[in-house]
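Here are the chains, one letter per residue:
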Amino acid sequence: MTEEELTKYSKYIDIERLKYIEHQGDLYKEAKTELIKHYLGEYVAFEDGKVLDHDTDRQALAERVYEKYGYRDLIMKRVSLIERVYYVGRFPAE
């Protein structure tokens with residue numbers, strides 16, 4: 001994300017938090033091939049290049065991870081060969 005984009009979205013989310021989330025997403029992409037080998041079809045909780053936990057049940061995974069690590073930003077998603085992109089809401093027009 002460019003500095004201009006970061007500045008734009010910083011109205012909605014802290015810029016350091018946004019950078020952290022983006023970095024975690026980049027690490028996930030780098031690890032994707034290995035994740036597919038070991039966790040295909042499962043949900044993983046992923047942070048700093050490591051799988052913290054995994055499960056076929058997303059809710060069970062979330063409960064365990066937040067119980068153990070606290071409620072914070074990390075990637076929790078299903079490992080799949082096809083990436084689904086969901087768009088929820090939108091930022092207001094400027």
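Preceding this section is the structure that the text describes.
Read on for an overview of the structure.

Reading the values: the criteria
Residues numbered from 1 in each chain as written. Predicted model: local features only at pLDDT ≥ 70, side-chain atom pairs only at ≥ 80, totals over all residues. Heavy atoms only, no water. Pairing = 2+ DSSP bridges. Helix = DSSP H or I, 4+ residues; strand = E, 2+ residues; numbered from the N terminus. Axes fitted to C-alpha atoms, helices over the stretch in contact; angles between N-to-C directions. Contact = heavy atoms within 4.5 Å. Polar contact = N/O pair within 3.5 Å; in protein donor to acceptor, adjacent residues only side chain to side chain. Expected span 1.5 Å × (residues − 1). Buried < 20%, exposed > 50% of the residue type's maximum accessible area, 1.4 Å probe, protein only. Arc of directions from axis to C-beta. Phe/Tyr/Trp six-rings, centres within 6.5 Å; stacked < 30°, edge-to-face > 60°.

Remarks on the sheet that holds strand E1 (residues 43–47)
Overall, antiparallel pairing links the three strands, which are arranged E2-E1-E3 in an open sheet. Edge positions in the open sheet fall to strand E2 (50–55) and strand E3 (75–78), since each of these has one partner strand only. Recorded for the sheet is a direction-independent mean angle of 25° between the axes of neighbouring strands. Relative to E2, E1 is paired through five bridges, and the arrangement is antiparallel. Paired with Ala45 across the bridge in E2 is Asp53. In the packing of helix H2 (residues 15–39) onto the sheet, the strands contacted are E1, E2 and E3, and the crossing angle to E1 comes to about 135°.

Here's the deal with the environment of Lys32
By the secondary structure assignment, Lys32 is in helix H2. The spacing of Lys32 and Leu81 is 49 residues in sequence and 9.2 Å in space, taken between C-alpha atoms. Among residues more than four places away in sequence, those in contact with Lys32 are Ser80 and Glu83. Within the structure, the side chain of Lys32 is placed 3.0 Å from the backbone oxygen of Ser80, a separation counted as a polar contact.

Some details on the side chain of Glu47
Locating Glu47 in the fold gives a position in strand E1. A distance of 2.4 Å separates polar atoms of two side chains, one belonging to Glu47 and the other to Tyr20. Of note is the side chain of Glu47, whose polar atom sits 2.7 Å from the side chain of Arg72. Discounting residues that sit within four places of it in the chain, Glu47 has contacts with Tyr20, Gln24, Leu52, Arg72, Asp73 and Leu74.

Focus on helix H3 (residues 58–69)
The terminal C-alpha atoms of H3 lie 16 Å apart, and with twelve residues this matches the ideal 16 Å at 1.5 Å per residue to within 8%. Looking only at H3, the buried set comprises Leu61, Ala62 and Val65. Burial along H3 is one-sided: seen end-on, the buried residues are contained in an arc of 95°. Facing away from the buried side of H3 by more than 90 degrees, the exposed set consists of Gln59, Glu63 and Glu67. If you follow the buried residues of H3, they end up packed against E1, E2 and E3. Of the residues flanking the start of H3, the one acting as N-cap is Asp57, its side-chain oxygen 2.9 Å from the backbone nitrogen of Gln59. Immediately beyond the C-terminal end of H3, within one or two residues, lies Gly70, with a positive phi of roughly 85°.

Comments concerning the packing of aromatic side chains
Following the criterion strictly, the structure yields two aromatic pairs and no others. Arranged with centres 5.4 Å apart and planes meeting at 90°, the rings of Tyr28 and Phe46 form a pair that is edge-to-face. With Tyr28 in helix H2 and Phe46 in strand E1, this residue pair connects regions lying 18 residues apart in the sequence. Residue class for Tyr28 comes out buried when judged on its relative accessible area of 3%. On the basis of relative accessibility, which here comes to 1%, the residue Phe46 falls in the buried class.

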